[in-house]
Amino acid sequence: MYYKPEKVHRVLFKLSGEVLSGSKGFGYDDETIKSIVDDIIAVKRLGVSIAIVLGGGNIFRGINGSNAGMRRVIADSIGMLATVQNSLVLSEYLHQHNINSEVYSAVQMDRFTKFYTPLRAKTSLKEGRICIICAGTGNPYFTTDTAAVLRAVELDADIVIKGTKVDGVYTSDPEKDPEAEFLEAVDFDEVLSKKLNVMDMTAFSLARDNNMPVKVFNVLKKGNFEKAILNKDVGTYVYPTQS
Ligand code: UDP
């Protein structure tokens, strides 16, 4: 048996950077971003409080810079800046739809964004604004998945909803293994014992230690975000192991 939150009051929406580039593989795809923005607005209309953490993979990943000879700390700073850029882009698309959002950064950069503190972001969420929280955790050697779980815990979200290019979690990589099976729901212990790929270990441990459920779903299918929130049969639900 597993539980699903009956009603999601607050969601932490994690969007990988590469989703923003659509099929281009780099930068921004206008049509894809517009479609995601429509989906975010649909969820907002359900009365759900929304915090968003964006990745930066459509622009720069620290590990790639480091593999090419950059110092890791600097490469990760560039990666974190990519998430700031992505967050400002998304907030502008929301603005074009008259949706108020507030961009908060884990690293102080007063000209561009407000400095993130959990209390500030919580106040904004309570006032009905979408909060886009960027610059990851503000530290190198982490990922935006870890930032997403951390912000979800800090902001008392009910769930982390991870929007990706795939339908959810499989028993193995479906692109390599024709026998790979799609998993509708799986608990934290099974993720570990079956070595399933949900998120990196640091992010996963934080979710597990704090009983924060995660749903992984395909954000490129229009309307899926709303369905994922409403517990319709979309994505893989990763839930705390019941003792
Ligand atoms: N990053 C970081 N600290 C963080 C989060 C992100 O240094 O707390 C850097 C890291 O270099 C990473 C990049 O930002 O590669 C972009 O984030 P991520 O790879 O998680 O983006 P995604 O794969 O979700 O698009």
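To keep things clear, this report deals only with the structure shown in the data block. Keep in mind that what you see is a predicted model, and the values were worked out from it rather than measured.

Let's shift gears to the packing of helix H2 (residues 30–45) against helix H4 (residues 72–96). Remark: H2 packs on H4, axes separated minimally by 10 Å, with the N-to-C direction vectors making an angle of 65°. Judged by the twist between their axes, the crossing of H2 over H4 is right-handed. Seen from H2, the contacting residues are Asp30, Ile33, Lys34, Val37 and Ile40; seen from H4, they are Val89, Leu90, Tyr93 and Leu94.

Further remarks concern the nonpolar core. By size, the foremost hydrophobic cluster in this structure holds 39 residues, and its most contacted members are Val11, Phe13, Ile40, Ile52, Leu90, Ile161 and Phe225. Discounting chain neighbours no more than four positions away, the residues touching Ile40 are Phe13, Ile50, Ile52, Leu90, Leu94, Ile130 and Phe225. Grouped together as the second largest cluster of nonpolar side chains are 31 residues, Cys131, Ile133, Val169 and Val214 included.

This part takes up helix H6 (residues 144–154). Among the 11 residues of H6, eight are classified as buried, and the element is accordingly described as predominantly covered. Those residues of H6 not exposed but buried are Thr144, Asp145, Thr146, Ala147, Ala148, Val149, Arg151 and Ala152. Along its buried surface, H6 packs onto strand S1 (10–15), strand S2 (49–54), H4, strand S5 (130–134), strand S6 (159–164) and helix H8 (201–209). A positive backbone phi angle near 55° is found at Asp156, which sits one or two residues after H6.

Most of strand S10 (residues 214–218) is tucked away: five of the five residues are buried. Side chains of S10 alternate between two faces, with Val214, Val216 and Asn218 and Lys215 and Phe217 buried alike.

Counted under the stated rule, the structure contains six aromatic pairs. The interplanar angle of 15° and the centroid separation of 4.1 Å between the aromatic rings of Phe13 and Phe225 together place this pair among those described as stacked. Separated by 212 residues along the polypeptide, Phe13 in strand S1 and Phe225 in helix H9 (residues 224–229) bring together distant segments of the chain. When the centroid spacing of 5.9 Å and the interplanar angle of 15° are considered together, the rings of Tyr237 and Tyr239 count as stacked. By the burial criterion, Tyr237 is buried, and Tyr239 matches it. Among the aromatic residues, those joined into a cluster by ring pairs are Phe13, Phe217 and Phe225.

Axis separation between H6 and H8 bottoms out at 8 Å; the angle between their running directions is 15°. One finds that H6 runs roughly parallel with respect to H8. The crossing of H6 and H8 is left-handed. Facing Asp145, Thr146, Val149 and Leu150 of H6, the residues of H8 in contact are Thr202, Ala203, Leu206 and Ala207. For the contact of H6 with H8, the residue count by class is five nonpolar, two polar and one charged.

Further remarks concern the site of the ligand. Close to the ligand lie 19 residues, the nearest being Gly17, Asp76, Thr137, Asn139 and Thr144. In this structure, Gly57 approaches the ligand through a main-chain N or O atom, which is 2.8 Å from an oxygen atom. In the environment of the ligand, an oxygen atom lies 2.9 Å from a nitrogen or oxygen atom belonging to the backbone of Gly62. Burial of the ligand by the protein amounts to 92% of the accessible area it has alone, namely 520 Å². The element best represented in the shell around the ligand is H4, accounting for three residues. In terms of residue class, the shell around the ligand is built from four nonpolar, 12 polar and three charged.

According to the stated counting rule, one finds zero disulfides in the structure shown. Of the cysteine sulfurs around Cys131, a residue in no disulfide, the closest is that of Cys134, at 11 Å. Residue classification places Cys134 among the buried positions, given a relative accessible area of 0%.

With that out of the way, let us pick up the pattern of salt bridges. Pairing of side chains with opposite charge becomes possible as their charged atoms draw close. For the structure shown, the criterion picks out 14 salt bridges. Across the salt bridge formed by Lys176 and Asp173, the nearest N and O atoms sit 3.7 Å from each other. One salt bridge in this structure joins Glu190 and Lys194, with 3.0 Å as the shortest N-O distance. Among the residues examined, Glu190 registers a relative accessible area of 25% and is labelled partly exposed. Linked by salt bridges that have partners in common, Glu102, Lys114, Glu127 and Arg129 make up one network.

Criteria and cut-off values
Residues numbered from 1 in each chain as written. Predicted model: local features only at pLDDT ≥ 70, side-chain atom pairs only at ≥ 80, totals over all residues. Heavy atoms only, no water. Axes fitted to C-alpha atoms, helices over the stretch in contact; angles between N-to-C directions. Helix = DSSP H or I, 4+ residues; strand = E, 2+ residues; numbered from the N terminus. Left-handed = near helix turned anticlockwise from the far one by under 90°. Contact = heavy atoms within 4.5 Å. Core = buried A, V, L, I, M, F, W, Y, C linked by side-chain atoms within 4.5 Å. Buried < 20%, exposed > 50% of the residue type's maximum accessible area, 1.4 Å probe, protein only. Phe/Tyr/Trp six-rings, centres within 6.5 Å; stacked < 30°, edge-to-face > 60°. Parallel < 35°, antiparallel > 145°, perpendicular 65-115°, else oblique. Nonpolar A, V, L, I, M, F, W, Y, C, P; charged D, E, K, R; others polar. Near = heavy atom within 4 Å. Polar contact = N/O pair within 3.5 Å; in protein donor to acceptor, adjacent residues only side chain to side chain. Areas by Shrake-Rupley, 256 points an atom, 1.4 Å probe, with all protein chains shown as cover. Disulfide = S-S within 2.5 Å. Salt bridge = Lys/Arg side-chain N within 4 Å of Asp/Glu carboxyl O.

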